[in-house]
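Structural description and commentary
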Amino acid sequence: NKKRNLISIIVICVIIISCNLPSGVQAPPAEIAPTTMPNTEAALQYSTVPTDTPTATETTTPSPTDTPTPTATTCEPNVIAPTPVNVRSGPGTVYEIIGALVAGGSAKIAGKNSEGTWWYIEFPGGHGWVGGTVVTASCVPATLAIIAAPPTPVPPSGTCKGDYVYRSIRASDKICISPASKAQADADNAAATSRTIVGNYGASACTQGFVWREAYVGDVVCVTVATRSQAQADNAAAPTRVDPLGPYGPNSCIAGFVWREAIPSDVVCVTAAVRSQTAADNAAAASRIASADECVSGYVWRQAFPGDRVCVTPAIKGQVAADNADAPNHTW
């Protein structure tokens, strides 16, 4: 009986287990069922239903398109000429002019002089120099090539040394003087007419030491100052020297006086000595007329060269003489 009961229990357990199996899976035959619970690996072999696992789709990420990097604009050192500028063979005005930059023209800078006052440039004629004060420079690097200046050219013979300039009172006047002396010469030339006697008193002006007599209106005979004063005194005393009943009518002179006769109508009564002086002054009148370039009082002819009749002060005349003497030291 015990054996029969044990077999019944086993059969019932097998039936219960079979009820719990997944659908579609056939239970193993009862006669070969194990007497113990199957191990995990065996259980998984019968209970797991294979399921197709979808294969992951491989996604290709597109590579980003390359963006071109902008190229930086290169700033080259250059100069611009605001006005026409000379290009010279060296860094200085003593060098020859070999070209020019027009107003608004530009040129590449290739270097500079050691003082940094002149630029060495490339221009259509080749290489040359322009003054730093007459152009506008830009994009100049801190380290710019220093270009050695070519040998200083020998100035032409007869030109002025250093800061000296030609006096140029006339075209042939090549005396080299200081700019101050040049300015003084120009001022004296401009004032020349106002410093001549004729310039002040007209064509009938008297030479130095003489004045117009003015014995009558329009009397421009040149006499000494003393003679002029005598004429004025005689004119003032004339009414007291007339004898209305005299032999020569109402203009007759009293005893001791005679007509002056500076001109035929001059019947002012004067002494005989004054009458003789008047005649002598009339005869010498032409010789006492000032020349067109005669200087007024206080001025003398400059005489920078033979025939220089510009009127200057005595001090300026001395300076001009010194400039003439020193001219060879100021001239190449």
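This section reports on the structure supplied with the text.

**Some words on the environment of Trp 259**
Within the secondary structure, Trp 259 is located in strand β12 (residues 258-259). The spacing of Trp 259 and Val 274 is 15 residues in sequence and 9.6 Å in space, taken between C-alpha atoms. Here Trp 259 is in contact with Tyr 248, Asn 251, Cys 253, Asp 266, Val 267, Val 268, Cys 269, Val 270 and Arg 275, once residues within four sequence places are set aside.

**A short note on helix α6 (residues 272-284)**
At 3.6 residues per turn, the α-helix brings residues three or four places apart onto the same side. With 13 residues, α6 extends 19 Å between its outermost C-alpha atoms, agreeing within 8% with the 18 Å of an ideal straight helix rising 1.5 Å per residue. Residues of α6 that are buried: Val 274, Thr 278, Asp 281 and Ala 284. Each buried residue of α6 lies within a common arc of 135° when the element is viewed along its axis, so the set occupies one face. Considering only its buried residues, α6 is in contact with β11 (222-223), α5 (225-237) and β13 (269-270).

**Section: the packing of aromatic side chains**
Aromatic rings considered in pairs are described by the distance between their centres and by the relative angle of their planes. Counted under the stated rule, the structure contains 3 aromatic pairs. Ring centres of Tyr 120 and Trp 129 lie 5.0 Å apart, and the angle between their planes is 50°; this geometry places the pair in the tilted category. Measuring from centroid to centroid gives 6.4 Å for Tyr 201 and Trp 212, while their planes differ by 80°, and the two rings are edge-to-face. A residue pair is termed long-range when its members are at least 10 positions apart, and Tyr 201 in helix α4 (residues 197-201) and Trp 212 in strand β10 (residues 211-212) qualify at 11 residues. For Trp 212, a relative accessible area of 23% puts it in the partly exposed group. Directly above the aromatic system of Trp 332 lies the positively charged group of Lys 161, at a separation of 5.3 Å from the ring centroid. It is Arg 170 that lies over the ring of Phe 305; its NZ or CZ is 3.8 Å from the centre.

**Overview of the side chain of Asp 308**
Tracing the sequence through the fold places Asp 308 in the loop between β14 (300-301) and β15 (311-312). The contacts of Asp 308, once residues within four sequence positions are left out, are Ile 169, Trp 301, Arg 302 and Gln 303.

**Focus: the pairing of strand β4 (residues 106-112)**
Where strand β1 (residues 78-80) and β4 come together, 3 bridges link them in antiparallel fashion. Residue pairing across strands places Asn 78 opposite Lys 108, the latter belonging to β4. With 4 bridges connecting them, β4 and strand β5 (residues 118-123) associate as antiparallel partners. Counterpart to Gly 111 in the pairing with β5 is Tyr 120. The turn linking β4 back onto β5 is made up of 5 residues, and Gly 116 within it adopts a positive phi angle of 75°.

About the cut-offs
Residues numbered from 1 in each chain as written. Predicted model: local features only at pLDDT ≥ 70, side-chain atom pairs only at ≥ 80, totals over all residues. Heavy atoms only, no water. Helix = DSSP H or I, 4+ residues; strand = E, 2+ residues; numbered from the N terminus. Contact = heavy atoms within 4.5 Å. Expected span 1.5 Å × (residues − 1). Buried < 20%, exposed > 50% of the residue type's maximum accessible area, 1.4 Å probe, protein only. Arc of directions from axis to C-beta. Phe/Tyr/Trp six-rings, centres within 6.5 Å; stacked < 30°, edge-to-face > 60°. Lys NZ or Arg CZ within 6 Å of the ring centre and 35° of its normal. Pairing = 2+ DSSP bridges.

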